[in-house]
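Residues per chain, in single letters:
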Amino acid sequence: MTGKVKKSVLSLFGILVALVAINFVSSFVFGRFDLTHDNRYTLSDTTLNIISEVQEPIEIEVYLEGNFPLEFRRLQTETKQILEEFSAYNNNIVYTFVNPIASEINSNEVIEQMYNEGFKPISVTVNDKGKQSQEVVFPWAKVTFQGREARVPLLKNAMGASTEEKVNTSVQHLEYAFIDGINKVIHEKSKKIAVVKGIGELNDIYLADFLMSLRDSYYIAPFTLDSVAIDPQKTLAQLNDFDLAIIAKPSLPFSEDKIQVLDQYVINGGKTLWMLDQVQADMDSLSMNGSMLAYPKDQSLGELLFKYGIRVNPNLVKDEVGTPIKLATGQQGSETVYEEFNWKFAPFAISTSNHPIVKNIDGVKFDFANSIDTLKNDIKKTVLLQSSPYSKIVGVPSEISLDVIAEEVSPETYKDQGNIALAVLLEGNFTSVFNNRILPFQDKNFEKVSEPNKMIVIADGDIARNQLDQNYQPMELGYDKWTNNLFGNKEFLMNSVNYLLDDNGLINIRTKDVKLPLLNKEEIYKDYDKIRVLIVGLPIALLVIFGFVFTYLRKKKYTK
């Protein structure tokens, strides 16, 4: 055996030994490397903790399989990759991609069944060799564990966004969406939510979609404050058994003893979600008469909220960035003609904050919202949603008319008046409004200052109000049947509740940034011929040049 051959054999043997050693070590040491610039495949600590709790097989069925346009294939690819990461850390997580309507025989029945189960399809246009066709897509997944199921939405429906932009936003949401679904099925519900009654609150049928969505993760029960008049101590003790109290559009004044119950609930650690109207104004009155008188109303909560560091003002926010309203403009034959107009008293709040409650959510629709002032005290205040820079405050009482849709204004009208707070998060040690005051009722367990706590105050009682269909059944929260728009109200409120009740930091996964490069189609079309030459012609030219050079060097070497 020559020295060269011997050296080659030794090198080969060394490589084989190294490969065996690497495989042996890797069976004991687990590691994955994320080389993406935004670390999109690096799972958060919260995700890893929840995944590690899966001790038995959990099945994830993804409905993104079929003939899709490019944007949905990208969503499909990103979904596969995030699930591969989950499975790599815990092989009890098993996933499959299926096409629920692969068979055309009973596709209509399958579509109807899935729709009834909450898996709402969308229709997309597919280009195949110059031919266009419409395909039904279910951008959903289903997580199943020990008989429990959870729906996972894969596509975020941002109003006015292109499909490509929706997919880009949805990719950022994938880790949170799947982990939220997994968390729901592996953990039994434990947190309890009280929907406060007896205060002239919003009717249940208008809160139905919001409450049914909460029911997937929390126990929900009505809680009346009427019993305060009979036994306030017992009422407070019962309310303290709940983790969160929802106060939705109260219209009756709160008595002093009811305020003490709510105050001590907060001081004892109870979380609260306040949705308040300080002005009497509604679209029903406006639609009937074309105008209405907006006037202030008082629930006697001003002093309580002032003590916590916030004030909801009896006024209205008028915003040039409003949501559409559809009005009759005439007749065409026997049909009424409707047109859409910008309604300035329904602000369209688009969040620019990085707070996990509002990051990457769709714009939220407000309806006759009031302004919120934040006051100086030791409570931390975070403005979650605010009006646009082109907004201002309208005092009440005042007449509100539909004629405002034809109003012409200039940017100077709103100079130094916009960016009005509409929803605020408060966090810290709250001081009782009855500190150093005579109590409405005696309470031996009365506390003056709370442990660290948090609450959210929203200056619109109708933000959680869903519309009703023609059969008087509740529709999805945020959907406007008149203009066929879907707003981000439901996501905002669900995130708010999750943040207030979140123990394991799940909501913080929503702050993750994933940046998919988007093509600038205008630039592509402008330089289309140049780009086509570069993509198609350049590789061929390089290949020809390489062939000539390789042939020349080979001839030069072997023709000596």
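See the structure printed just above.
Q: Quick question: what am I supposed to make of the overall build of the chain here?
A: For the chain, the helix and strand inventory stands at 13 helices and 25 strands. Taken over 560 residues, the chain has a buried fraction of 44%. Considering only contacts in the chain between residues 6 or more positions apart, those separated by 24 or more positions represent 76%. Counting only carbon and sulfur atoms, one obtains 53% of the accessible surface of the chain, whose full area is about 30300 Å².

Q: Explain the environment of D378 to me, please; I cannot follow it from the model alone.
A: Inspection of the secondary structure puts D378 in the loop between β18 (372–374) and β19 (380–386). Residue classification places D378 among the exposed positions, given a relative accessible area of 79%. Considering only alpha carbons, one finds D378 and G428, 50 residues apart in sequence, at a separation of 7.2 Å.

Q: Just to check I follow, could you spell out helix α6 (residues 204–215) for this structure?
A: One turn of an α-helix holds 3.6 residues; hence residues three or four places apart share an orientation. Across its 12 residues, α6 extends only 14 Å between first and last C-alpha, which sits more than 12% below the 16 Å expected from 1.5 Å per residue. For α6, the secondary structure elements touched by its buried residues are β7 (192–197), β8 (219–224), β9 (244–248), β10 (271–275) and α11 (489–501). Near the N-terminus of α6, the side chain that reaches the backbone nitrogen of I205, with its oxygen 3.1 Å away, is that of N203.

Q: Would you mind going over the packing of aromatic side chains with me for this structure?
A: Here a ring pair, both rings aromatic, is described through the centre-centre distance and the interplanar angle of the planes. Enumeration over the complete set of coordinates arrives at 10 aromatic pairs. Geometrically, the ring pair formed by W343 and F345 is tilted, given 5.7 Å between the ring centres and 55° between the ring planes. Taken together, the ring pairs in this structure connect Y63, F119 and W140 into an aromatic cluster. Directly above the aromatic system of Y219 lies the positively charged group of K189, at a separation of 5.0 Å from the ring centroid. Above the face of the F242 ring, K192 is positioned so that its terminal group lies 5.7 Å from the ring centre.

Q: What am I meant to see in the side chain of T483 here?
A: Mapped onto the elements, T483 comes out in the loop between β24 (479–480) and β25 (485–486). Of note is the side chain of T483, whose polar atom sits 2.8 Å from the side chain of D480. A distance of 3.1 Å separates polar atoms of two side chains, one belonging to T483 and the other to N485.

Q: Help me understand unusual backbone geometry in this model?
A: Most of the time, phi is negative for any residue but glycine, and the peptide bond is trans. That bond from V396 to P397 is cis: its omega, 5°, falls within 30 degrees of zero. Its location among the elements puts P397 in the loop between β20 (391–395) and β21 (398–401). With a phi angle near 50°, Q146 is a residue other than glycine that sits in the positive phi range. Here Q146 lies in the loop between β5 (140–145) and β6 (148–153). Backbone geometry at N436 places phi at a positive 65°, although glycine is not the residue there. Along the chain, N436 falls in the loop between β22 (421–428) and β23 (453–458).

Q: I tried to follow the pattern of salt bridges on my own but got confused; where do I start?
A: Charged atoms that come close allow side chains of opposite charge to pair. A complete count under the given rule lists 15 salt bridges for this structure. Notably, a salt bridge pairs R437 with E256, separated by 3.2 Å at the nearest N-O pair. On the criterion of sequence distance, the pair formed by R437 in the loop between β22 and β23 and E256 in helix α8 (residues 256–267) is long-range, its members being 181 residues apart. The exposure class of R437 is partly exposed, given its relative accessible area of 32%. Its relative accessible area of 39% is what places E256 among the partly exposed residues.

Q: Please explain the sheet that holds β5 as it appears in this structure.
A: Strands pair in a sheet through their backbones, by hydrogen bonds, and they do so in one of two ways: parallel or antiparallel. Strand order in this open sheet of four strands is β2-β1-β5-β6, and the pairing throughout is mixed. In the strand order of this sheet, the two ends are held by β2 (93–97) and β6, each with one partner. Geometrically, the sheet is characterised by an average inter-axis angle of 20° between neighbouring strands, direction not taken into account. With four bridges connecting them, strand β1 (residues 58–62) and β5 associate as antiparallel partners. Pairing of E61 across the sheet is with K142, part of β5. Helix-sheet contacts for helix α3 (residues 70–89) involve β1 and β2, and the interaxial angle to β2 is about 160°.

Q: What is the right way to look at the sheet that holds strand β15 (residues 322–332) in this model?
A: The three strands lie next to each other as β15-β16-β17, forming an open sheet whose pairing is antiparallel. What marks the edges here is a single partner per strand, and that holds for β15 and β17 (364–365). Inspection of the sheet shows strand β16 (residues 335–349) paired to β17 by two bridges, in the antiparallel sense. Note that in β17 the partner of F348 across the bridge is K365.

Q: Can you walk me through the packing of helix α7 (residues 232–239) against α8 in this structure?
A: If you want to describe how two helices pack, look at the angle between their axes and the distance between the axes. Running from N to C, α7 and α8 point in directions that differ by 35°, and their axes come no closer than 10 Å. Where α7 crosses over α8, the handedness of that crossing is right-handed. For the pair formed by α7 and α8, the contact residues are P232, L236 and L239 on the first element and V261, L262, Q264 and Y265 on the second.

Definitions and cut-offs
Residues numbered from 1 in each chain as written. Predicted model: local features only at pLDDT ≥ 70, side-chain atom pairs only at ≥ 80, totals over all residues. Heavy atoms only, no water. Helix = DSSP H or I, 4+ residues; strand = E, 2+ residues; numbered from the N terminus. Buried < 20%, exposed > 50% of the residue type's maximum accessible area, 1.4 Å probe, protein only. Contact = heavy atoms within 4.5 Å. Areas by Shrake-Rupley, 256 points an atom, 1.4 Å probe, with all protein chains shown as cover. Expected span 1.5 Å × (residues − 1). Polar contact = N/O pair within 3.5 Å; in protein donor to acceptor, adjacent residues only side chain to side chain. Phe/Tyr/Trp six-rings, centres within 6.5 Å; stacked < 30°, edge-to-face > 60°. Lys NZ or Arg CZ within 6 Å of the ring centre and 35° of its normal. Salt bridge = Lys/Arg side-chain N within 4 Å of Asp/Glu carboxyl O. Pairing = 2+ DSSP bridges. Axes fitted to C-alpha atoms, helices over the stretch in contact; angles between N-to-C directions. Left-handed = near helix turned anticlockwise from the far one by under 90°.

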